[in-house]
Each structure stands twice: as C-alpha cells, then as structure tokens.
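Structure assessment
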Amino acid sequence: MRGRGDRLAAGLAEREIDLMLVTELVNVRYLTGFGGTNGACVCGPEIRLFLTDFRYTERAEAEVEGWEVATVRDDWLGGIAERLSGRFGFEDDHMSVRLLERLRGKLAERVEPVAAGGAVEQLRRVKDAGELEAIAAAAELADEVWRWSAERGLAGRSEREVARAAEARIRELGGDPSFPVIVAAGPNGALPHAEPGEREIGHGELVVFDMGAKLDGYCSDGTRTFAAGEPGERAREVYEVVRGAQQAALDAVVAGIGGEQLDGVAREAIAVAGHGERFGHGLGHGVGLELHEAPHVSPRSKDVLASDEVVTIEPGVYLPGELGVRIEDLVVVTADGCRNLSGLPKALQLVD
C-alpha cells in the first residue's frame, strides 16, 4: 500500500502543495488498506501517516501497511490539524464547507489548505494486478448467480422475488451485492433504473437483469436481458440492435480512445437503427472500489482510456410502455483492445 502513497506524493509538486490530507474513506482504504469507518491520512515526500481513533487502533495495526499509525484522542480535527504544515491539499469534492471552516480554526499560523480534490481518484483509475484479480472474481461470482437465476426460471415469479433471491445467492457465495439488484420485466424494462416490484413476470416478456457483486472491497457490474419465453419479432429486433451496438463498442475499446468517441460508436449504431432517442444514458463508467468511478464513457466525457482501467460497456434501448433492452459487460482496457470479465453469452437466452 505504501507504493500508492508514493505515487500520490510524487504528484504533489505539480499541484504546488507540500502535503495531502485524505479524508474520504474509499480513498483512505485505497491508500492504506484500512476498512473501518473513521480514518484519515497525511501524505507527503517525507510522511506516510494514518490517523484513526481508539476504536480502530487495533484494526489499523492489522490492516494498514507501510504507513505510520497514530491514534487521535478526544479532538479529532485538532489531532489532524496539528500534523499539517505548509500548503496542504484537501479533498474539496468530499469535505463540506462547514467541516473545512472548523479545520481552519484549528490550524497553526502559515498552514494553508488548498483545494486538491480528485488526486486520489485519478490514481485509482488504473488498477494493479491485485485489484484486477478482485474485480474479475466479483464478476465471475455475478455470472454464477445469473446462471443460477436462469435455472430457477423467470416467468410467473415477481420481479422482487427474483431480485431478492439473487441478492441472497450472492451472499451465500461469499460476496455482497454491489448495488440493489434490478429486475425489470416488460414495460418496466423501459425504466433504466427500475425498482423491482410485486409485478409478476409474464411469459414472453423481456427481463432486464442488472446485478453486481462485491468481493474484498471491489465491485463488479453487469446486465443481461433475458426473455421469459419467446418474446416475438419486435423484441428480438430491438435486442439485436443493442447487441450489435455493444459489440461495436467492445471492438473499439483500446487504450488511447476518448470516452466521448467510444460512446459515439454505440450511439451511432443505435441511431442508424432508428432508436437514437431511446438511448439516453452514457455508455459506461469506471468500476473499482466504487460502483461508479472514473473514467467516464459518455457524450460529455473528456477522459481518455488507459491500459488497466476497468469500465462498463452498457448500451440500451428503452421503449416506454413496451420494453427495454440493456446489455452490459465489464472490461479491462488494454494496449490492443480489452479483456472482457463478463463470461455470459450475449445471444438472447429464453428462460421459461
């Protein structure tokens, strides 16, 4: 974990700051390995300091690698403030104005906070071998739960029943859902973030099944659209449009492509088929310690993909009152393409 702190410290000079104060817990975990609910770290060329309170001292000593561990007693902000010097960066995209003002009141003279949000998130974009292994394992677990769910059947069961069973199965296999499972059948599938209800899945309906697992702190994310019996020509046509658009985007993934450009590959394929107005969200997003993180793949993205970043590729078509189709894979960007972590086939699967 110290190596991640070294990378953060190496970039401080470019921002003209002496130290970085990291308080956002996901970023603290990334840098130090600490998984508790109260911690912060101070990083600079000559310092790697992790701070927590008495409740987590023992846990920190077991989990934190390569950082000095210090316990702050009584005054949490005061304990942080006394360890800061010079111009220090703080995570302005996470720290509230009120908390910052309280911290300012405890700083020594000539100690200056500087907005430096996003510094750790930028480091998190590129995954190391251990992170890729964890994300791949989470994706494999989710694939297993989709197979298990299909074997149990869909038609005649409620969306909520299918979703809850999938979440329980993820836990049985040793993980946690990385988000509440989405099961949306028939016209509910036209709602990209539908919440599973008591509606019974009808024979022949398309079912959008969006699910992810979390293992060792790392998330997966994926979607398959099943058919609960023969869905008919119209549904098959829309499905093939999405499948073709997704494959075109997968073929275009490569280190160096822009997020906006990649999004446009799938968007153009869907537009040519006459459904351009029915694909209203971005093509994908980064996945790691958080379900949604950088880089972003959307019409407004300024990100450029790099090797070993992990992103979703998830085009969709949503026809209000009728049906929805979304197909989502999780891929690792490489120098010559991508490595797909999603193992389920993309041909429309009929599940009675």
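Our subject is the structure listed above.
Residues numbered from 1 in each chain as written. Predicted model: local features only at pLDDT ≥ 70, side-chain atom pairs only at ≥ 80, totals over all residues. Heavy atoms only, no water.

Another aspect to go through is the state of the cysteines. What the rule picks out here adds up to zero disulfides. For the unlinked cysteine Cys 219, the closest cysteine sulfur is that of Cys 41, found at 20 Å. A residue is classified by how much of its surface remains accessible, and Cys 219, at 2% relative accessible area, is buried. Of the cysteine sulfurs around Cys 338, a residue in no disulfide, the closest is that of Cys 219, at 20 Å. By relative accessible area, Cys 338 is classed as partly exposed at 28%. (Disulfide = S-S within 2.5 Å. Buried < 20%, exposed > 50% of the residue type's maximum accessible area, 1.4 Å probe, protein only.)

Here we come to unusual backbone geometry. Residue Pro 295 follows Ala 294 across a cis peptide bond; omega there is 5°. Assignment of secondary structure puts Pro 295 in strand E14 (residues 293–297). Positioned with a positive phi, Arg 110 is a non-glycine residue whose angle comes to about 65°. Tracing the sequence through the fold places Arg 110 in the loop between helix H5 (97–104) and strand E6 (112–115). On the basis of relative accessible area, Arg 110 is assigned to the exposed category, the value being 74%. One non-glycine residue with positive phi stands out, namely Asp 308, at about 75°. The topology assignment puts Asp 308 in the loop between E14 and strand E15 (310–313). (Helix = DSSP H or I, 4+ residues; strand = E, 2+ residues; numbered from the N terminus.)

Counting 34 residues, the largest nonpolar core has Leu 8, Met 20, Val 22 and Leu 31 as its most contacted members. Within the residue set of this core, elements represented by two or more residues are helix H1 (2–10), strand E1 (19–22), helix H2 (25–32), strand E2 (40–44), helix H6 (119–125), helix H7 (129–152), strand E11 (218–219) and strand E18 (329–334). The greatest single-element share of this core, amounting to four residues, is contributed by H7. In terms of nonpolar packing, the next biggest core, distinct from the first, is built from 30 residues, Val 238, Val 242, Ala 249 and Val 325 among them. (Core = buried A, V, L, I, M, F, W, Y, C linked by side-chain atoms within 4.5 Å.)

As a further point, take the packing of aromatic side chains. Tallied over the full model, the rule gives four aromatic pairs. Judged by centre distance (6.1 Å) and plane angle (75°), the rings of Phe 209 and Phe 226 are edge-to-face. One end of the pair, Phe 209, is in strand E9 (residues 206–211); the other, Phe 226, is in strand E12 (residues 222–227), and 17 residues separate them in sequence. Each member of the pair Phe 209 and Phe 226 is classed as buried. Positioned over the ring face of Phe 34 is Arg 59, at 5.9 Å from the centre of the ring. (Phe/Tyr/Trp six-rings, centres within 6.5 Å; stacked < 30°, edge-to-face > 60°. Lys NZ or Arg CZ within 6 Å of the ring centre and 35° of its normal.)

As a further point, take the side chain of Ser 158. Along the chain, Ser 158 turns up in the loop between H7 and helix H8 (159–172). For Ser 158, a relative accessible area of 12% translates into the label buried. Filtering out sequence-adjacent residues up to four positions away, Ser 158 remains in contact with Gly 197, Glu 198, Arg 199 and Glu 200. (Contact = heavy atoms within 4.5 Å.)

So, about helix H9 (residues 233–252). The terminal C-alpha atoms of H9, which comprises 20 residues, lie 29 Å apart, in line with the 28 Å expected from a rise of 1.5 Å per residue. Those residues of H9 lying buried are Ala 235, Val 238, Tyr 239, Val 241, Val 242, Ala 245, Gln 246, Ala 249, Leu 250 and Ala 252. Down the axis of H9, the buried set is contained in an arc of 170°. They therefore lie on one face. Opposite the packed face of H9, turned more than 90 degrees from it, sit the exposed residues Glu 233 and Asp 251. (Expected span 1.5 Å × (residues − 1). Arc of directions from axis to C-beta.)

Take the sheet that holds E12 next. Each strand in a sheet pairs with another by means of backbone hydrogen bonds, the pair being arranged parallel or else antiparallel. Pairing in this open sheet of three strands is antiparallel, and the strands run E8-E9-E12 from one edge to the other. Of all the strands in the sheet, the pair left with one neighbour each is strand E8 (182–185) and E12. With direction set aside, neighbouring strand axes in the sheet form an average angle of 15°. Note: E8 against E9, four bridges, orientation antiparallel. Bridge pairing links Ala 184 to Val 208 in E9. Packed onto the sheet, H7 meets E9 and E12 and runs at close to 150° relative to E9. (Pairing = 2+ DSSP bridges. Axes fitted to C-alpha atoms, helices over the stretch in contact; angles between N-to-C directions.)

With that settled, the discussion passes to the packing of H9 against helix H10 (residues 259–272). Any two packed helices are characterised by how steeply their axes cross, that is the angle between the axes, and by the distance between the axes. Put simply, H9 and H10 touch, their axes get as near as 8 Å, and they point 155° apart. One finds that H9 runs roughly antiparallel with respect to H10. The handedness of the crossing between H9 and H10 comes out as right-handed. On H10, the residues that touch Val 241, Ala 245, Ala 248, Ala 249 and Ala 252 of H9 are Leu 262, Val 265, Ala 266, Ala 269 and Ile 270. The residue makeup of the contact of H9 with H10, split by class, is ten nonpolar, no polar and no charged. (Parallel < 35°, antiparallel > 145°, perpendicular 65-115°, else oblique. Left-handed = near helix turned anticlockwise from the far one by under 90°. Nonpolar A, V, L, I, M, F, W, Y, C, P; charged D, E, K, R; others polar.)

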